[in-house]
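Understanding the architecture of this molecule
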Amino acid sequence: MEYNLTENKGFSFDEIHINQSDEFEVEISEVLVDNFSKITGDSNPLHMDSLFASKTSFGKRIAHGMLLASLFSRLVGMNLPGKNGVYFSQSLNFRKPCYVGDTVKIIGTITGKSISAKIITIKTEILKQNKECILDGEAKVLFYK
């Protein structure tokens, strides 16, 4: 995949304001789950084996929680704030499972801004197509520029 600067919003620290938000959607496809498994080496049958997963309390394959959490990297690196910020920290609360085939909405909302440290705080959420929150947390992003 080639990097395209025009797709990166790149807000400056001064342009960021409290309650500013951004969002995007991603389909959690079988290919995405399979590729994540190959990258991480996590081939737990709950994620990879339909027959095994059907016999669990989940009833079918679920996506890796960290696959979902990794979408916050796209939110921070490309959308909010984009190219002028870098992750400082991220908390995660895994609330509900995400199944292969679900479409999720990744949402970030600015909740804090430290002028002295040049760090913003972002409420991070992932909602399923039924608007149910399946993952949330808080990101801290450092501006280096």
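Here, the structure is the one placed above.
Quick summary incoming for the structure in this document. (Residues numbered from 1 in each chain as written. Predicted model: local features only at pLDDT ≥ 70, side-chain atom pairs only at ≥ 80, totals over all residues. Heavy atoms only, no water.)

Before going further, it helps to spend a moment on the nonpolar core. Grouped together as the largest cluster of nonpolar side chains are 18 residues, with contacts concentrated most on V26, I28, L68, C98, V104, I106 and I126. For this core, the secondary-structure elements that each account for two or more residues are strand 1 (21-27), helix 1 (30-40), helix 4 (65-79), strand 4 (103-114) and strand 6 (133-143). No other element matches the six residues that helix 4 contributes to this core. Among all residues touching I106, those that are not within four sequence positions of it are D22, E23, F24, V26, L71, F72, L75, E125 and I126. F13, L80, I120 and A139 belong to the second-largest nonpolar core, a separate cluster that totals ten residues. (Core = buried A, V, L, I, M, F, W, Y, C linked by side-chain atoms within 4.5 Å. Buried < 20%, exposed > 50% of the residue type's maximum accessible area, 1.4 Å probe, protein only. Helix = DSSP H or I, 4+ residues; strand = E, 2+ residues; numbered from the N terminus. Contact = heavy atoms within 4.5 Å.)

What follows is about the pairing of strand 5 (residues 119-128). Among the ten residues that make up strand 5, nine are buried, leaving the element largely enclosed by the rest of the structure. Between strand 4 and strand 5, which follow one another and run antiparallel, lie four residues, and K118 among them has a positive phi close to 55 degrees. Where strand 5 lies against strand 6, nine bridges are found, and the strand directions are antiparallel. Residue pairing across strands places I126 opposite L135, the latter belonging to strand 6. Count of turn residues in the strand 5/strand 6 antiparallel hairpin: four residues, of which K131 carries a positive phi of about 75 degrees. (Pairing = 2+ DSSP bridges.)

Tallied over the entire structure, the rule returns one aromatic pair. Geometrically, the ring pair formed by F13 and F143 is edge-to-face, given 5.2 Å between the ring centres and 80 degrees between the ring planes. With F13 in the segment before strand 1 and F143 in strand 6, the pair connects residues that are 130 residues apart, well separated along the chain. Residue class for F143 comes out buried when judged on its relative accessible area of 5%. Its guanidinium or amino end placed over the ring of F24, R74 lies 3.9 Å from that ring's centre, counting from NZ or CZ. Positioned over the ring face of F13 is K113, at 4.6 Å from the centre of the ring. (Phe/Tyr/Trp six-rings, centres within 6.5 Å; stacked < 30°, edge-to-face > 60°. Lys NZ or Arg CZ within 6 Å of the ring centre and 35° of its normal.)

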